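A look at the structure
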Amino acid sequence: MADLKQLVEDTYAEGFRSIYGEILITARDEKWLRHALNAVTGHASSTILCDCEAGVAQIVSSEQTPDGRIGGVVQFHVPRFRKDRREHLEKVMLARISQNVLTCPTARCFNRLDTEDYFKLGRKVAFFGDRHQFRDQRYGTKGWVIPILGGEFYLTRRFGFRDGVMGGNLWFFGPDEDIALAAAEKAAQAADAVPNVITTFPGGVAASGSKAGSSYDFTIASTYAEFCPTLKEKLGAESKVPEGVGSIMEIIINGRDLDSLKDATRAAIHAAADTDGLIRITAGNYGGRLGKSLIHLHELLD
């Protein structure tokens, strides 16, 4: 444990509040489920320029789904600091369900959050049926049936939403790209195995960790220059890259609540720690200015 505490910096990841929706997509087989999941979570890595942050929280077996088919749980997160957060999340879910799930052969879509507040997305998506759509009760749920060329598409009537957490993160410092990436891959895989969380970047790993703000007034975020290894010599004393570090990879974790993020962060640290040559595991924060959902790394080591 002493070695692990030397490897892991005594710092914290700074998460912030979100609102999120959670859906279950089922399909005839794993191939078509993967197609639906890939499509519905597309272009959703970062809210910097994406409409949301989306990812697959878990794959569930046929014994765990209403219609007895393989399924995948998807979360869509929108920062709570957006003034139009509810309206925006509804637009996000409407667009992604109608354009990426409805269109996928054999797919069905079910709500996963039974909350007091909800969106009537089933009715809105059902307008695609051009007055041929109808309500029905199937698979123990109330929903809408839309006639389509492939047969019928079914989705539940209501889709709930609730508060979540975004922005949990870990950074992996390696002497080169291979080692930093190997650690980040192990970490992302371990985090993805924890229920109720998502990693949204390609393969769960972000190679371009950002900071808030920019020297250009038309963008809200930019490369974190102080942590770019190739800028170490140029920045001189302003650089925060330790000696011997040639590459830094990051994973970002969103989820249902702070405890879920802590569980995923703990799993990620332990999975990555045995990477040969790894120099440091740390996390990004803004001194508490971004959010109040803090994940202290050393508290997760015992």
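The structure displayed is predicted, hence computed values, not measured ones.

1. Some details on the domain arrangement of the protein
Per the domain assignment, the segments of the protein are domain 1 (3–14 + 166–299) and domain 2 (17–162). Computed from C-alpha coordinates alone, the two centres of domain 1 and domain 2 are separated by 30 Å. Opposite the 16 residues of domain 1 that make contact, domain 2 presents 20 residues. With both chains or domains summed, domain 1 and domain 2 bury close to 1400 Å², and 54% of this area falls on carbon and sulfur atoms. Elements represented by at least two residues in the side of domain 1 that touches domain 2 include exactly β10 (197–199) and β13 (247–255).

2. Focus: the environment of Cys109
Tracing the backbone shows Cys109 in strand β4 (residues 108–111). With a relative accessible area of 0%, Cys109 lands in the buried category. With 84 residues separating them along the chain, Cys109 and Ile25 place their C-alpha atoms 4.7 Å apart. When residues no more than four places from it in sequence are discounted, the contact partners of Cys109 are Ile23, Leu24, Ile97, Val101, Phe153, Tyr154, Leu155, Thr156 and Phe159.

3. Focus on the pattern of salt bridges
One pass over the full model with this rule turns up 18 salt bridges. For Arg96, the salt bridge identified is with Asp51, shortest N-O distance 2.7 Å. In this pair, Arg96 sits in helix α3 (residues 85–101) while Asp51 sits in the loop between α2 (30–40) and β2 (53–60), placing the two residues 45 residues apart along the sequence. For Arg96, a relative accessible area of 6% gives the class buried. For Asp51, a relative accessible area of 29% translates into the label partly exposed. Ionic contacts of the salt-bridge type, sharing partners, join the residues Arg17, Arg80 and Asp163 into one network.

4. Overview of the packing of α2 against α3
Viewed as axis vectors pointing N to C, α2 and α3 meet at an angle of 145 degrees, and their least axial separation amounts to 9 Å. Here α2 and α3 pass one another in a crossing that is right-handed. Between α2, through Ala36, Ala39 and Val40, and α3, the contact on the second element is made entirely by Arg96, Asn100 and Val101. In terms of residue class, the contact of α2 with α3 is built from four nonpolar, one polar and one charged.

5. Considering the packing of aromatic side chains
Applying the stated criterion across every chain yields a total of 10 aromatic pairs. Note on Phe110 and Tyr154: the rings are 6.0 Å apart at their centroids and 50 degrees apart in plane angle, and the pair reads as tilted. Of this pair, Phe110 sits in strand β4 while Tyr154 sits in strand β8 (residues 151–156), and the two are 44 residues apart along the sequence. On the basis of relative accessible area, Phe110 is assigned to the buried category, the value being 2%.

6. Focus: the nonpolar core
Within the largest apolar cluster, 33 residues are counted, with the highest numbers of intra-cluster contacts made by Ile23, Ile25, Phe76, Ile97 and Leu155. At the level of secondary structure, the elements contributing two or more residues to this core comprise β1 (12–26), α2, β3 (71–79), α3, α4 (121–126), β7 (141–148), β8 and β9 (159–174). Among the elements that line this core, the one with the most residues is α3, at five residues. Other than its neighbours up to four places away in sequence, Ile23 contacts Gly72, Val73, Val74, Phe76, Met93, Ile97, Cys109, Phe110, Arg112 and Phe159. Ranked by size, the runner-up nonpolar core spans 32 residues in total, among them Leu170, Ile179, Ala183 and Ile253.

The rules we used
Residues numbered from 1 in each chain as written. Predicted model: local features only at pLDDT ≥ 70, side-chain atom pairs only at ≥ 80, totals over all residues. Heavy atoms only, no water. Domains from an automatic or database assignment. Contact = heavy atoms within 4.5 Å. Buried area = accessible area lost by both parts, 1.4 Å probe. Helix = DSSP H or I, 4+ residues; strand = E, 2+ residues; numbered from the N terminus. Buried < 20%, exposed > 50% of the residue type's maximum accessible area, 1.4 Å probe, protein only. Salt bridge = Lys/Arg side-chain N within 4 Å of Asp/Glu carboxyl O. Axes fitted to C-alpha atoms, helices over the stretch in contact; angles between N-to-C directions. Left-handed = near helix turned anticlockwise from the far one by under 90°. Nonpolar A, V, L, I, M, F, W, Y, C, P; charged D, E, K, R; others polar. Phe/Tyr/Trp six-rings, centres within 6.5 Å; stacked < 30°, edge-to-face > 60°. Core = buried A, V, L, I, M, F, W, Y, C linked by side-chain atoms within 4.5 Å.

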